[in-house]
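Residue-level listing of the chains:
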Amino acid sequence: MNVDQKIDQNDRCQVLNWQWESVGEVELSPFIFQQGVRKDILTRVVLWQLAKRRSGNHKTKGISDISGTTRKPYRQKGTGNARHGSRRSPQFVGGAVIFGPVVRSHEHSLNKKVKSFGLRVALSLKRQQGNLFFLEDISVPSCLKTRDCRVFFEKTGAKSALLVSSDSTYGNIERGILNLPAYNVLHQDGLNVYDILRHEHLIISRSSLQYIEGRLQ
């Protein structure tokens, strides 16, 4: 959708229960779910997220980290050999590495408005693709098993899906979904662009929708 395209002010979407049946509707905020597709913004946010995940603990030994004598190997002149000042120098086996990687943070800053905008663009993209669904919290069974979650996601017809849940159902769904590698559950506080984009379908619980709208408005 083009940025200048007219926005439908009455965007509504069905709410589905655990049996994947329609049980009502929710009205979606155009400010959150009808943004234009901005690949540049999505790229910036994803790269920012991945940079934060990097451990940065790669390191090689400099000359001060190599154990060994500090004595000069042999006299400066008269031997016919090249001059050397230390056996810990990089040209010797077991010596130091010059300009090698050191422990550091790969994290970089990103404006809060860009992060928020990126999340709205990602949600809007799923909406435009027809891969955004909403789940009624109270329909989720109280004790879920892996089999129950597998049957549920088979009904969605998605090869991979992300389910965003609130406190009331998160722990229950998390236990049931652990052995399904293509499907994941995410607490509403942790909703992010990278996880949205790497799953085919996005399923948001009804209570989480209220939280997300309050967070992004």
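Scroll up for the structure.
For clarity, every value in this text was computed on a predicted model and none was experimentally measured. (Residues numbered from 1 in each chain as written. Predicted model: local features only at pLDDT ≥ 70, side-chain atom pairs only at ≥ 80, totals over all residues. Heavy atoms only, no water.)

Moving on, we come to the environment of V37. Among the secondary structure elements, V37 is positioned in the loop between α1 (30-33) and α2 (39-53). Judged by its relative accessible area of 31%, V37 falls in the partly exposed class. Sequence-wise, V37 and A122 are 85 residues apart; in three dimensions their C-alpha atoms are separated by 8.0 Å. (Helix = DSSP H or I, 4+ residues; strand = E, 2+ residues; numbered from the N terminus. Buried < 20%, exposed > 50% of the residue type's maximum accessible area, 1.4 Å probe, protein only.)

Below, the discussion takes up the packing of aromatic side chains. In total, this model carries six aromatic pairs according to the counting rule given. On the numbers, 4.0 Å between centres and 5 degrees between planes, the contact of W18 with F152 is stacked. Linking W18 in the loop between β1 (12-16) and β2 (22-27) with F152 in helix α4 (residues 146-156), this pair joins segments that are 134 residues apart in sequence. Taking relative accessible area as the criterion, F152 reaches 1% and is therefore assigned buried. Through pairs of rings, three or more aromatic residues link up here, namely W18, W20, F133, F152, F153 and Y183. Sitting over the ring of F92, R87 keeps its end group 4.7 Å from the ring centre. (Phe/Tyr/Trp six-rings, centres within 6.5 Å; stacked < 30°, edge-to-face > 60°. Lys NZ or Arg CZ within 6 Å of the ring centre and 35° of its normal.)

On their own, these measurements won't tell you what the molecule is for.
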